[in-house]
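Reading the structure
What follows is the residue order along each chain.
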Amino acid sequence: MTDRLATLLPRPRSARGLTGTFTFTERTSIVAGPGADGSTDLVRRALSFLRLPLPQRGTPELGSVVVTLDPAAHGPEGYQLLVRPDRLDIVAGSTAGATYAVSTLRQLLPEVAWRAAAARGTVWELACCEVTDAPATDWRGVMLDVSRHFLPKREVLRMIDLLAMHKLNRLHLHLADDQGWRIESARYPQLTELASHRPHTALGHGAEHSGHDGTPHGGYYTRADLAEIGAYAQERAVTVVPELDVPGHASALLAALPELGSVPGGKYEVQTTWGVFPNLLSPLPAVEQVVDELLGELLEVLPSPFVHLGGDECPLGQWEDNPEIQAYRESRGLPNMAALHGDFLRRLADRLAGRGVRAVFWDEAFGSGGLRPDSIVMAWRGDEVARKAAAAGFQVVRTPVFPTYLDYYSDDDPREPLAIGGPVRLADVAALDPRPAAFTEAENANVIGVQAQLWSEYLPHARLLDYRAFPRVCALAEVAWTGAPSTWPEEPERVRAQLSRLDAAGVEYRPLGDPKPWQRGGTGARAFRSGYPMAEVTRALDELAAEDNPEGLQPSS
Ligand code: ACM
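Every residue gets a number counted from 1 within its own chain, in the order that chain's sequence is written. Given that this is a predicted model, residues contribute local features only at a pLDDT of at least 70 and side-chain atom pairs are listed and counted only at 80 or more, while totals for whole chains, interfaces and linings are drawn from all residues. Where side-chain values are given, they derive from all heavy atoms of the structure, hydrogens and water being excluded.

What about the packing of helix H1 (residues 39-46) against helix H3 (residues 95-108)?
At a minimum axis separation of 10 Å, H1 and H3 run at an interaxial angle of 25 degrees. As judged from the angle between their axes, H1 and H3 are roughly parallel. H3 is crossed by H1, and the crossing has right-handed handedness. Within the contact between the two elements, H1 uses Ser39, Leu42, Val43 and Ala46 and H3 uses Thr95, Ala98, Thr99 and Val102. Broken down by class, the residue content of the contact of H1 with H3 amounts to five nonpolar, three polar and no charged. Here the axes come from fitting lines to C-alpha atoms, over the contacting stretch only for helices, and the angles between their N-to-C directions go from 0 to 180 degrees. Every helix listed is a DSSP run of H or I at least four residues long, and every strand listed is a run of E at least two residues long, numbered separately from the N terminus. For classification, angles of less than 35 degrees are called roughly parallel, those exceeding 145 degrees roughly antiparallel, those between 65 and 115 degrees roughly perpendicular, and all remaining angles oblique. Each crossing gets its handedness from the near helix: less than a right angle anticlockwise from the far helix is left-handed, clockwise is right-handed. Throughout, a residue-residue contact means that at least one pair of heavy atoms, one from each residue, lies within 4.5 Å. In this count, Pro and Cys sit with the nonpolar residues alongside Ala, Val, Leu, Ile, Met, Phe, Trp and Tyr, while Asp, Glu, Lys and Arg are called charged and the others, Gly among them, polar.

Here it is in structure tokens:
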């Protein structure tokens, strides 16, 4: 038997082998130990890949799986897995910890454990061991942009499985942008009738696109779909963080509800090209009210402790040009439109807070100032803005373009399929230090985690999503869980083991060497173009972040 203990990903805090083996059989039962009543159902569901009956028993017998919850011993997401020949113990801080214990156990079985079904007669034998583990960060996320290209519900559910496999605990769904609105609304059916599809999509790179593809694109999640996604994620210890990006990136919303716009009598269309558009929602109270209604509807079916309100990339020209908005700004005593941007976002966050929900924002919202102190800032424009937001007392999730934008090229090999620019190599992701030495201790105490972004301008379908996401997400998961840079890509045995698990799960990851022939961009519409070089992207973003409103950088109470 290979030493699977040494191949776990993410690497656990401590693991040691013990003598003997434990075998799951038709007779293996599950027992709720102290505090664990509700968790045994969840553990049984997580073990369903074994295709064994796993009956619940009141007291342990030979070969039982015993689940105990002990938050004091293991922290909210920690666990201990103790495998002995006659009994398997899971002691966890919470149901999430118990889920992670099962995920670890599954990695300790042969790769077939990651297939949807195992051949009849498969022997589920585990080498005895003790694993004690807990994550170093609270927010270990992946963002899927389902607006630029819609991702069918089945693929979202599959991605939740893959997050759970890697002990990632946040699925941030970017549900609305200029190119499509993906949420069914009971109150505003025109959102899905008009805003959930576009007549065609730009071909080639956004900077120099070569016409359109002549093919409609669209899709949306029904309210039942959203409820299903939330429930499926919750069973796997993943919290879905829905994003309604406002007041910018709003062309699709405005195509359906033009009265929410900042241009009186304006007409809007769902966009068919990529970039930053001038179309902003109006910041007036009537618009705030409608956005709040949409948020209320969304939270009814997809309850979450966090909602992302975007706030990024808002050219303020349409507000400057609108006398009613100017008058409103003055009436609120705000010195400029950036302050009104912060004020609009804060009013929405206050309304979320009234529902017990914390707002999350891209870092421009912090740059405008005036946010609620409990807002969470996703720092995408680099480390300097992450640091400033953390120093100002905000909890920060680090999402820097380099190296967490996994929609960028994995390599500068011209055989790569078209992406926005880059590269962001696997080694770059692995080298990410969630809490950098350059940050003070107090700043790092406010860094609550890291997240990978999969924007989808250049990710038209799920096969390419797999290719871009994996194995870079594996490295990000290890960084997020351990709270330190990872050496995983340089550990051939661990890489081999994890790629075998991904193979078994049917993931079409990018091989570490060359892309497979059918994964290449070829000479057609998906041909490689160098796009935006990473050094230029990060320099431009640094400059943008440096322009933030300096008075606004304190949390207001
Ligand atoms: C972003 O990339 N606009 C958050």
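Having put the structure on the table, let's press on.
What about the pairing of strand S6 (residues 87-92)?
On a regular strand, each side chain points to the face opposite its neighbour's, so the side chains alternate between the two faces of the sheet. The element S6 is largely enclosed, with a buried count of five among its six residues. Two strands pair when backbone bridges link them, and strand S4 (residues 64-69) and S6 are joined in this way by six bridges, in the parallel orientation. Paired with leucine 69 across the two strands is alanine 92, which belongs to S6. In this scheme, strands are said to pair when DSSP sees at least two bridges between them. Here strand S5 (residues 79-84) runs beside S6; their pairing, made up of six bridges, is antiparallel. Looking across to S6, one finds that valine 83 is bridged to leucine 88. Taking the residues that link successive antiparallel strands as the turn, the S5-S6 hairpin has two residues. Only protein chains enter the area calculation, which uses a 1.4 Å probe; residues under 20% of their type maximum are buried, those over 50% are exposed, and those in between are partly exposed.

A word on empty space enclosed by the protein
Here a cavity denotes grid points, spaced 1 Å and computed from the protein atoms alone, that fit a 1.4 Å probe unable to get out, and a pocket denotes an open set having protein on both sides within 12 Å along at least 5 of 7 lines; residues with an atom within 4 Å of a point are the lining. Grid points are joined across faces, edges and corners, and a volume is the space filled by probe spheres set on the points. Enumeration according to the criterion identifies three cavities of 30 Å³ or more in this entry. Estimates place the volume of the largest cavity at around 80 Å³. Lining the largest cavity are Leu144, Asp145, His149, Phe150, Leu151, Leu454, Ser456, Leu459, Pro460, His461, Ala462 and Leu465. Those elements giving two or more residues to the lining of the largest cavity turn out to be strand S8 (139-145) and helix H17 (462-469). Residue classes in the lining of the largest cavity are distributed as eight nonpolar, three polar and one charged. One number sums up the size of the second largest cavity: a volume of about 40 Å³. In terms of lining, the second largest cavity is formed by Trp181, Ile183, Glu184, Ser185, Leu244, Leu294, Glu297 and Leu298. Per-element tally for the lining of the second largest cavity: the top contributor is helix H8 (residues 285-301), with three residues. Here the lining of the second largest cavity is composed, by residue class, of five nonpolar, one polar and two charged.

Brief notes about the pairing of strand S16 (residues 358-362)
Taking burial as the measure, the five residues of S16 include four buried ones, the bulk of the element. Summarising the sheet, strand S15 (residues 306-310) and S16 pair through three bridges and their orientation is parallel. Paired with valine 307 across the strands is alanine 359, a residue of S16. Here three bridges tie S16 to strand S17 (residues 376-379), and the two strands are oriented parallel to one another. Counterpart to tryptophan 362 in the pairing with S17 is methionine 378. Once the chain exits S16 it traverses helix H12 (residues 363-368) before rejoining the sheet at S17, and the crossover so formed is right-handed. Handedness of a crossover is defined as follows: orient the strands so they point away from the viewer, and if the path from the first strand over the helix to the second runs clockwise, the crossover is right-handed.

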